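Each chain, written out:
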Amino acid sequence: MKISQYLLIIFLPITIILCNLLPLVYSNSFYTTIYKKENIYQNFRSTIEVDNATKELVSYFRGQNNLDGNFYSTQSILHLTDVKNIFDALIIINALSILSAFAAFLYLNLKKKRSVIRKSLILGCIVATCFVLIAFILSLLNFDAFFVYFHKVLFRNDLWLFNQNDNLIKLFPIEFFIAFTKQLTINILISVLLILSVAHLLPKHDSTTI
């Protein structure tokens, strides 16, 4: 019983975060929304060039094609390969996390431990909220430092250090990542509120025990 409860508390936050992160990563429309908001289109000759490069990149992340060396530099392609590998790993982690959380939820539900489910959902949401808010606050205090530390943790090379004239930097300036972080935080908090709403519908105490 305790194991199922702990599994739900542990894997629910991971599921909440990744289920909000990955759709944004693979959404062309989300990228273009930020481009328009942050005037990123102005960094290039035409919006068509930017849109085509973005579609190519998203398709690359999905494993559907390779990157065009005419737009993306050799360094960019090598770095984006590292990025794709991380996203591929996150997809696997997310799938395992969803399965683990669902299995724990299903087991507790079959045992009619709905009060335990309630408590686990609430605790899982608290964990997710704390993690996301701490990261968001740190990014607000000094996004440049946060951004550098984030890359040093994820990457074991210096391929992410680019010349400012590289197309990848012009396509994804720091403003892009700030906007991305804000939207991701909002989406996660909305998901947390929805799950908490469901959790509060569950009983605080179980009427029967098994």
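For the structure, check the block above.
Predicted, not measured: the structure shown is a model, and the values here were computed from it.

(A) Molecular detail of the nonpolar core. Grouped together as the largest cluster of nonpolar side chains are 53 residues, with contacts concentrated most on Y35, F61, Y72 and F180. Looking at this core, the elements that each hand over two or more residues are α1 (2–25), α2 (28–37), α3 (47–61), α4 (74–110), α5 (114–141), α7 (167–171) and α8 (174–199). Looking at which element gives the most residues to this core, the answer is α1, with 9 residues. Non-local contacts of Y72, meaning those with residues more than four positions away in its chain, are made with A53, T54, E56, L57, L67, I77, L80, L168 and L171.

(B) Inspection of the environment of L202 at higher detail. Within the secondary structure layout, L202 lies in the segment after α8. As for L202 and I117, which are separated by 85 residues in sequence, their C-alpha atoms are 8.0 Å apart. Leave out the neighbours within four places in its chain, and L202 touches R114, I117, R118 and L121.

(C) How the structure looks around the pattern of salt bridges. One pass over the full model with this rule turns up 2 salt bridges. For R45, the salt bridge identified is with E49, shortest N-O distance 3.2 Å.

What counts as what
- Residues numbered from 1 in each chain as written.
- Predicted model: local features only at pLDDT ≥ 70, side-chain atom pairs only at ≥ 80, totals over all residues.
- Heavy atoms only, no water.
- Core = buried A, V, L, I, M, F, W, Y, C linked by side-chain atoms within 4.5 Å.
- Buried < 20%, exposed > 50% of the residue type's maximum accessible area, 1.4 Å probe, protein only.
- Helix = DSSP H or I, 4+ residues; strand = E, 2+ residues; numbered from the N terminus.
- Contact = heavy atoms within 4.5 Å.
- Salt bridge = Lys/Arg side-chain N within 4 Å of Asp/Glu carboxyl O.

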